[in-house]
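Report on the structure
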Amino acid sequence: MSNQEVVVLSVGGVRFVTRASTLQQFPESRLARMLNNDNREFKLVNGEFFVDRDGTLFSYIMEFLRTFQVSLPTDFSDYQRLQREAEFYGLYPLADLLSQEHLLKPRLEILEVRFSLQEMQAFFRIFGSCSTTVETLAEQITVFTGQQSGQSWNSPFPSQKPLVPLPLERPSHHDMVFQCGTDYSAGDQFVARYVSIKPDNRKLINGTNVLGLLLDTLLRDGFRLISTRTVSSEEKVECYSFERMQRPAGLTVTVNQTPGSSGVAQAKRSQVQKGK
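Residues numbered from 1 in each chain as written. Predicted model: local features only at pLDDT ≥ 70, side-chain atom pairs only at ≥ 80, totals over all residues. Heavy atoms only, no water.

A count of helical and extended segments in the chain gives eight helices and 15 strands. Across the 276 residues of the chain, 43% fall into the buried class. Counted over contacts in the chain with a minimum sequence separation of 6, partners at least 24 positions apart contribute 59%. When the accessible surface of the chain is split by element, carbon and sulfur atoms take 48% of a total near 15100 Å². (Helix = DSSP H or I, 4+ residues; strand = E, 2+ residues; numbered from the N terminus. Buried < 20%, exposed > 50% of the residue type's maximum accessible area, 1.4 Å probe, protein only. Contact = heavy atoms within 4.5 Å. Areas by Shrake-Rupley, 256 points an atom, 1.4 Å probe, with all protein chains shown as cover.)

Structure follows, in structure tokens:
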């Protein structure tokens with residue numbers, strides 16, 4: 001069969017259309033031998049190869065054959081079944097990697113927000129078990145500073161003077177520190193700090209408003225609020241704890257493949273996300 005010829009498969013009642021060259025990526029696999037009539041288990045019915053297997057899981061098999069990668073959904077749990085399907089089709093590099101469940105299963109991610117009010121300032125400290133999440137959040141948060149007169153420090157509108165962005169304090173890869181509000185400078189001048197959290201474009205100076213926007217941002221990102229508590233009653237430090245199930249950052253299955261080889265599988269993580 002020509003490697004450019006279109007092939008139609010019916011797998012468990014689900015129809016797939018692909019090229020012969022895709023199914024021949026692994027010459028020793030059952031799918032490749034099927035095209036050479038070397039596997040009698042697959043029946044050709046009305047121009048379609050009938051395969052009595054799981055059609056839903058076969059979509060991941062097809063993605064693997066097309067790209068040498070499989071990106072599994074966060075809520076995916078049928079690792080062993082998919083591994084058995086890969087073994088059935090003779091795709092052993094994929095089966096070997098699927099057997100390494102510690103690379104594939106989602107993990108519990110914890111994030112903690114500490115918030116305190118002191119006179120006209122609000123202080124925030126965010127700690128996360130996943131440095132990738134903290135890094136992403138740090139890219140969303142910007143602190144701006146500027147000076148304004150004492151009569152206008154509590155104005156809902158930012159100072160007319162240009163606001164200057166400040167870098168966030170990053171004590172480690174897993175946490176960040178920032179503040180908003182006003183601090184006395186000299187004479188009747190105050191140093192004002194505003195916080196903006198993308199995609200919201202507002203610059204907020206009120207700590208309670210910033211806290212509300214921050215919590216809403218985390219909830220939209222899939223976190224679930226699991227507890228609130230007061231850490232220090234004297235310093236009025238409130239702690240908000242969140243959790244979510246998160247797949248290891250950018251996990252994909254990659255096979256180093258050369259024509260006619262059986263392939264060597266390895267795990268790769270996205271270069272954009274670097275979980276610590």
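Attention now moves to the nonpolar core. Counting residues in hydrophobic clusters, the biggest one holds 33 residues, and the most contacted among them are Leu9, Leu23, Leu31, Phe58, Ile61, Leu65 and Tyr89. Of all elements in the fold, only β1 (6-11), α1 (20-23), α2 (30-35), β4 (48-51), α3 (55-67), α4 (79-88) and α5 (92-98) reach the threshold of two or more residues within this core. The element best represented in this core is α3, accounting for seven residues. When near neighbours in sequence (up to four residues on either side) are disregarded, Phe58 contacts Leu9, Val11, Phe16, Leu31 and Tyr89. Core analysis: the next-biggest nonpolar cluster, separate from the first, contains 27 residues, Ala138, Cys180, Leu204 and Leu211 among them. (Core = buried A, V, L, I, M, F, W, Y, C linked by side-chain atoms within 4.5 Å.)

Our next topic: α3. Taking 1.5 Å as the rise per residue, α3 with 13 residues should run 18 Å; its terminal C-alpha atoms sit 19 Å apart, in good agreement. If you check which residues of α3 are buried, you get Gly55, Leu57, Phe58, Tyr60, Ile61, Met62, Phe64 and Leu65. Between a side-chain oxygen at the N-terminus of α3 and the backbone nitrogen of Thr56 the separation is 2.9 Å; the capping residue is Asp54. Phi for Phe68, located one or two positions after α3, is positive at around 60 degrees. (Expected span 1.5 Å × (residues − 1). Polar contact = N/O pair within 3.5 Å; in protein donor to acceptor, adjacent residues only side chain to side chain.)

For the structure shown, the criterion picks out 11 salt bridges. The salt bridge involving Arg81 is made with Asp54; its shortest N-O contact spans 2.4 Å. Residue Arg81 is found in helix α4, and its partner Asp54 is found in the loop between β4 and α3; the two are separated by 27 residues along the sequence. In this structure Arg81 comes out as partly exposed when scored by relative accessible area, which is 35%. The exposure class assigned to Asp54 is partly exposed, which follows from its relative accessible area of 21%. In this structure, Arg202 engages Asp200 in a salt bridge whose closest nitrogen and oxygen atoms are separated by 2.9 Å. (Salt bridge = Lys/Arg side-chain N within 4 Å of Asp/Glu carboxyl O.)

There is a patch of nonpolar side chains on the surface, built from Leu108, Ile110, Ile226 and Met245 and spanning about 340 Å² of accessible area. Relative to the assigned elements, Met245 resides in strand β13 (residues 237-246). Judged by relative accessible area, Met245 falls into the partly exposed class, the value being 48%. (Patch = residues over 30% accessible without salt bridge, like charges linked within 9 Å, V, L, I, M, F, W, Y side chains within 5 Å.)

Turning our attention to the sheet that holds β4. Strand order across the open sheet formed by four strands is β2-β1-β4-β3, with mixed pairing between neighbours. What marks the edges here is a single partner per strand, and that holds for β2 (14-19) and β3 (43-45). Averaged over all pairs of adjacent strands, the angle between their axes in this sheet comes to 35 degrees, without regard to strand direction. Two elements, β3 and β4, share three bridges in a ladder whose sense is antiparallel. Bridging from a neighbouring strand, Val45 pairs with Glu48 of β4. (Pairing = 2+ DSSP bridges. Axes fitted to C-alpha atoms, helices over the stretch in contact; angles between N-to-C directions.)

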